[in-house]
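# Chains, contacts and geometry: an overview
Below, each chain spelled out in residue letters.
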Amino acid sequence: MNAKVFAAIILFAITIAGCVVCLSIISRNNELNSDPGPIPASEAVILEVKADSISNTKLTLIIKNIAPDEYMFGSEYTIEKQVNGEWYQLPCVTENIGWTSIGYILEGNSTREIEIDWTWYYGELSSGYYRITKGFSYIRSPGDYDDYDISADFTLV
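Keep in mind that this is a model prediction, so the values were computed, not measured.

### Some words on the overall build of the protein chain
Of regular secondary structure, the protein chain possesses three helices and nine strands. Start at the N end of the protein chain and walk to the C end: the helices and strands fall as α-α-β-β-β-β-β-β-β-α-β-β. Excluding contacts between residues fewer than 6 apart, the proportion of contacts in the protein chain whose partners are at least 24 apart in sequence is 70%. Taken as a whole, the protein chain presents about 10300 Å² of accessible surface, with 54% of it coming from carbon and sulfur.

### Concerning the pattern of salt bridges
Evaluation of the coordinates by the stated rule reveals six salt bridges. Among the ionic pairs, E48 bridges to K64, the shortest N-O distance being 3.3 Å. Placement of E48 in strand 1 (residues 45-49) and of K64 in strand 2 (residues 58-65) is noted, with a sequence separation of 16 residues between them. Residues joined by salt bridges that share partners form a network here, namely R140, D144 and D146.

### Here we look at the layout of surface pockets
Put simply, the largest pocket is a space of about 330 Å³. Around the largest pocket sit 22 residues that line it, and F73, G74, G135, F136 and S137 are the ones nearest its centre. Looking at the lining of the largest pocket, the elements that each hand over two or more residues are strand 3 (71-73), strand 8 (128-141) and strand 9 (144-156). By residue number, the principal contributor to the lining of the largest pocket is strand 8, which donates six residues. Broken down by class, the residue content of the lining of the largest pocket amounts to nine nonpolar, nine polar and four charged.

### With respect to unusual backbone geometry
Although it is not a glycine, N84 adopts a positive phi angle of roughly 50°. Relative to the helices and strands, N84 resides in the loop between strand 4 (78-83) and strand 5 (86-89). Positive phi values are uncommon outside glycine, yet N109 reaches one of about 50°. Mapped onto the elements, N109 comes out in the loop between strand 6 (104-106) and strand 7 (110-117). With a relative accessible area of 55%, N109 lands in the exposed category.

### With respect to the packing of aromatic side chains
Note on aromatic pairs: each is described by the distance of the centres and the angle between the planes. This model, assessed by the stated rule, comprises 13 aromatic pairs. Geometrically, the ring pair formed by Y71 and Y138 is tilted, given 5.8 Å between the ring centres and 55° between the ring planes. One end of the pair, Y71, is in strand 3; the other, Y138, is in strand 8, and 67 residues separate them in sequence. Judged by relative accessible area, Y71 falls into the buried class, the value being 1%. When the centroid spacing of 5.1 Å and the interplanar angle of 75° are considered together, the rings of Y77 and W99 count as edge-to-face. Taken as a pair, Y77 in the loop between strand 3 and strand 4 and W99 in the loop between strand 5 and strand 6 lie far apart in primary sequence, 22 residues in all. An aromatic cluster of three or more residues is present, and its members are Y77, W99, W120, Y121 and Y122.

Parameters and conventions
Just so you know, the residues in each chain are numbered from 1, in the order the chain's sequence is written. Local features are withheld for residues below a pLDDT of 70 in this predicted model, meaning they are given only at 70 or higher, and side-chain atom pairs are given and counted only at 80 or more; totals for whole chains, interfaces and linings count all residues. Just so you know, side-chain values use all the structure's heavy atoms and leave hydrogens and water out. Runs of E in the DSSP output that reach at least two residues are strands. Runs of H or I that reach at least four are helices, and both are numbered from the N terminus. Working rule for contacts: check all heavy atoms of both residues, and any pair within 4.5 Å makes them a contact. Surface accessibility in these figures is a Shrake-Rupley result with a 1.4 Å probe; residues are shielded only by whichever protein chains are displayed. Any carboxyl oxygen of Asp or Glu within 4 Å of a side-chain nitrogen of Lys or Arg constitutes a salt bridge here. Points on a 1 Å grid, built from protein atoms alone, make a cavity when a 1.4 Å probe fits but cannot get out and make a pocket when they are open with protein on both sides within 12 Å along at least 5 of 7 lines; residues with an atom within 4 Å of a point are the lining residues. Grid points are joined across faces, edges and corners, and a volume is the space filled by probe spheres set on the points. Under this grouping Gly is polar, as are all residues other than the nonpolar Ala, Val, Leu, Ile, Met, Phe, Trp, Tyr, Cys and Pro and the charged Asp, Glu, Lys and Arg. Summary of the burial criterion: residues with accessible area below 20% of their type's maximum are buried, those above 50% are exposed, and those between are partly exposed, where the area comes from a 1.4 Å probe applied to protein chains only. Note on ring pairs: Phe, Tyr and Trp rings are taken, using the six-membered ring of Trp, and paired if centres are within 6.5 Å. Classes follow the plane angle, with under 30 degrees stacked, over 60 edge-to-face and the rest tilted.

Structure below.
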């Protein structure tokens, strides 16, 4: 084999190796810069009870979204009471329970306040330590979503 052919083969091999290394670096950079997806609602959505709104029949819930992504929530909620360190879901006062099937949008980096009146569902609550839980969803596309339950504690005196 003459020297020119040998040099051409070596040059070709070095070029191919260089391309493989470049493609590997580009692929790794794309992985590092890819969108990691939404912040889970369990970290992005914060529920708080407005302190001066608590009564034995209702309260105002402050919903904060600290992420740029939108989340959805409905009208449904549950209330639990803590007894001897354990949480127990409160029983309903009626057999005919129904929830409005609606999806409220919680826009990115926003805060909403909603009043929750539970008299129709739980009646009047006695004094104690409670938590209210609402469901939130991050919807990527129809049928492709993640659900999260977020809670806020409150005390009735």
